[in-house]
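Here's the letter readout for the chains.
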Amino acid sequence: MKGLMIKDFLTLKKSIATMLLMNAFFLVFAYAGGDPSYAVSMTAIMFSMLTLTSMSYDQMTKWDRYALSMPVSRKEVVISKYLLAILLSTASVLLSFTASFFLILPKSDMSAQELMLVAYTVFVVSQVYIAIVLPLIYKFGVERTRIISIGVLALPMVFVLLFVKSGMQMPGEEQLLFALKCSPLPVMLIVGCSFLTSLKIYRNTEF
Amino acid sequence: MGKMLQMEDVSKIYDEFALKDISFSIPKGCIMGLIGENGAGKTTIVKLILNLIQRDAGQIHVFGLDNIEREAEVKKRVGVVLDEIGFGEELNAANVSSIMKNIHRNWSEAAYSEYLTTFNIQQKKKIKDYSKGMKTKLSIAVALSHNPDFLILDEPTSGLDPVIRSEILDLLLDFIQDEEKSVLFSTHITSDLEKIADYITFIHDGELVFSRDKESVQDDYGILKCTMQEFGTIDRDDIIGYRKNRFGCEALIANRQEADIKYKGLAMDPASLEEIMLYYVKAEEGGRA
């Protein structure tokens, strides 16, 4: 497992450096606009893509086939990808939150509590994104999943539009806050189900 | 002599290809060459041994252990070289060691460094700057550095120049010196196997043609050379495949000694592995008597 994680981080070293540089740009834009939530959300989106990049490399170099010819189980391979995705998204939210907190927040209208709320929302969304995208990659491969994931990202917007058009009342701030407070358990459940689905697919995949 | 690998009636069915009832075994301390035309099923056999694909029938034992039930134990003691290196182009040999020492408990950095020195591979050079030969050498260094008992190589020498190929073959001969280790070497470059293999398993179109010791193959198979008129007198059951040329005809026969007596006066040469492969394949394409 450790070997798999080291392989992923070494392979992504260059991409992570590029992402950090982009993060710096997002911070500059956010600073200019006085909106720290921009830096947090953009960084999280970019870092979420890194897991896809890692799996794309694996596919290109036929890594899975090679890894499974060594004393590495299919379960370990899948766990390592979920860990990578969760670690990257957590690190990106923490990093962009900390930078925004010290650099942008002082000149922004936003309170520290609001920024924390934004960061937590982004974190929850990125975990759900991982939970949806990883089984899709195991089933359809990286390239087809990239196209499908555009749909995955667009789906919530479609729901909101349908919600508004149907004349139903949008949930208020308090309801949204309550939903966020309750979110850890459902998010863990979603990620857990996603992992089991990915494992089932991966166990039946032939290399 | 114990068995390193034992395959019994192993089958794998795809829509357009089937590997049917393959049985063969590899004793300890020897090199088994796995030959066959492209698409014959060599890589499928390698994948089945490594449980990368699911078999539809049969049993596979490595070191006497079931390759699926005892997968982890088996894979700890196997070294593998596949047709592609598996590592990203941005990595270097030093990175590979950092990864492998966390995968193989027996990983020896000292042995790995020694192989890199022997192969003239720099620790910090990125894989993207390697030649095909260097990539193969790195794969072999990786496969050997956890001191495996069984080495499985899938087409390791294809696309390499004769000098590198010869270095690799010498290394394989060294590997089996203590007579406790074995090599399964899949290739369509039969001349490599003529130099180092002890046994040959020939797969053609998903079926096992033979699995036997190389010397008996070289002793038994022969190429009979004759005119078209003489060819007409030969018993068709003795001929595996034939080829017409402007001087007459050449035919592959499976028992040279018998044919020597039966067809006295006709020229007969030993058949190379390449000729055996060629005539078997040709027979399928209408070159059978």
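See the structure above.
Structure report, in brief. (Residues numbered from 1 in each chain as written. Chains lettered and ligands numbered in written order. Predicted model: local features only at pLDDT ≥ 70, side-chain atom pairs only at ≥ 80, totals over all residues. Heavy atoms only, no water.)

1. Describing the overall build of chain B
Part 1: Across its full length, chain B holds eleven helices and 14 strands.
Part 2: For 289 residues, the compact-globule estimate of 2.2 N^0.38 gives 19 Å, and the C-alpha radius of gyration of chain B, at 21 Å, lies within 12% of that figure.
Part 3: Dimensions of chain B, computed from the C-alpha atoms along their principal axes, are close to 65 × 40 × 40 Å.
Part 4: The proportion of buried residues among the 289 residues of chain B is 54%.
Part 5: Here the analysis covers contacts within chain B between residues at least 6 apart in sequence; of these, 68% occur between residues at least 24 apart.
Part 6: A total of about 12900 Å² of accessible surface is found on chain B, and carbon and sulfur atoms cover 43% of it.
Part 7: Computing the positive centroid from 35 side-chain charges and the negative centroid from 49, chain B places the two 4 Å apart. (Helix = DSSP H or I, 4+ residues; strand = E, 2+ residues; numbered from the N terminus. Rg over C-alpha atoms; globule rule 2.2 N^0.38 Å. Buried < 20%, exposed > 50% of the residue type's maximum accessible area, 1.4 Å probe, protein only. Contact = heavy atoms within 4.5 Å. Areas by Shrake-Rupley, 256 points an atom, 1.4 Å probe, with all protein chains shown as cover. Lys, Arg positive; Asp, Glu negative; His and termini not counted. Charge placed at Lys NZ, Arg CZ, Asp CG, Glu CD.)

2. Description of the overall build of chain A
Part 1: Along chain A, the regular secondary structure elements total eight helices and zero strands.
Part 2: Listing each helix as α and each strand as β along chain A from the N terminus yields α-α-α-α-α-α-α-α.
Part 3: Dimensions of chain A along its principal axes, counting C-alpha atoms only, are 55 × 40 × 30 Å.
Part 4: Pairs at least 24 apart in sequence give 81% of the contacts found in chain A among residues at least 6 apart.
Part 5: When the accessible surface of chain A is summed, it comes to about 11200 Å², and 74% of that surface belongs to carbon and sulfur atoms.
Part 6: Measuring between centres, the 17 positive side-chain charges of chain A sit 12 Å from its 11 negative side-chain charges.

3. A few points about the side chain of B:Lys12
Part 1: Among the secondary structure elements, B:Lys12 is positioned in strand β1 (residues 3–13).
Part 2: We classify B:Lys12 as buried; its relative accessible area is 6%.
Part 3: A distance of 2.8 Å separates a polar atom in the side chain of B:Lys12 from a polar atom in the side chain of A:Glu206.
Part 4: When near neighbours in sequence (up to four residues on either side) are disregarded, B:Lys12 contacts A:Glu206, B:Phe17, B:Ala18, B:Leu19, B:Thr44, B:Leu48, B:Ile53, B:Gln54, B:Arg55 and B:Asp56. (Polar contact = N/O pair within 3.5 Å; in protein donor to acceptor, adjacent residues only side chain to side chain.)

4. A few points about the interface of chain B and chain A
Part 1: Taken together, the contact pairs 30 residues of chain B with 25 residues of chain A.
Part 2: With both sides pooled, the region where chain B packs onto chain A buries about 2500 Å², and carbon together with sulfur makes up 57% of that total.
Part 3: Three residues, B:Leu52, B:Asn102 and B:Ile103, lead the burial of chain B against chain A; their summed loss comes to 23% of the area buried on that side.
Part 4: Counting the contacts that link chain B with chain A gives four salt bridges.
Part 5: A:Lys14 is paired through a salt bridge with B:Glu90; the nearest N and O atoms lie 3.8 Å apart.
Part 6: Joining chain B to chain A, the criterion identifies eleven residue pairs in polar contact (both at pLDDT 80 or more). (Buried area = accessible area lost by both parts, 1.4 Å probe. Salt bridge = Lys/Arg side-chain N within 4 Å of Asp/Glu carboxyl O.)

5. Observations concerning the packing of aromatic side chains
Part 1: The tally for this structure, following the rule as stated, stands at 15 aromatic pairs over all chains.
Part 2: Ring geometry for A:Trp63 and B:Phe87: centres 5.6 Å apart, planes at 50°, overall tilted. Residue A:Trp63 is located in helix α3 (residues 63–67), and its partner B:Phe87 is located in the loop between β6 (78–81) and α3 (93–100); the two belong to separate chains. Both residues of the pair, A:Trp63 and B:Phe87, belong to the buried class.
Part 3: Each ring, one from B:Phe202 and one from B:Phe210, has its centre 5.6 Å from the other, and the planes form 70°; the classification is edge-to-face. One exposure class covers both B:Phe202 and B:Phe210, and it is buried.
Part 4: Site record: aromatic cluster; members linked through ring pairs are B:Phe202, B:Phe210, B:Tyr221 and B:Tyr280.
Part 5: The ring of B:Tyr14 is capped by B:Lys12, whose NZ or CZ atom sits 5.2 Å from the centre of that ring. (Phe/Tyr/Trp six-rings, centres within 6.5 Å; stacked < 30°, edge-to-face > 60°. Lys NZ or Arg CZ within 6 Å of the ring centre and 35° of its normal.)

Taken by themselves, the reported measurements are silent on function.
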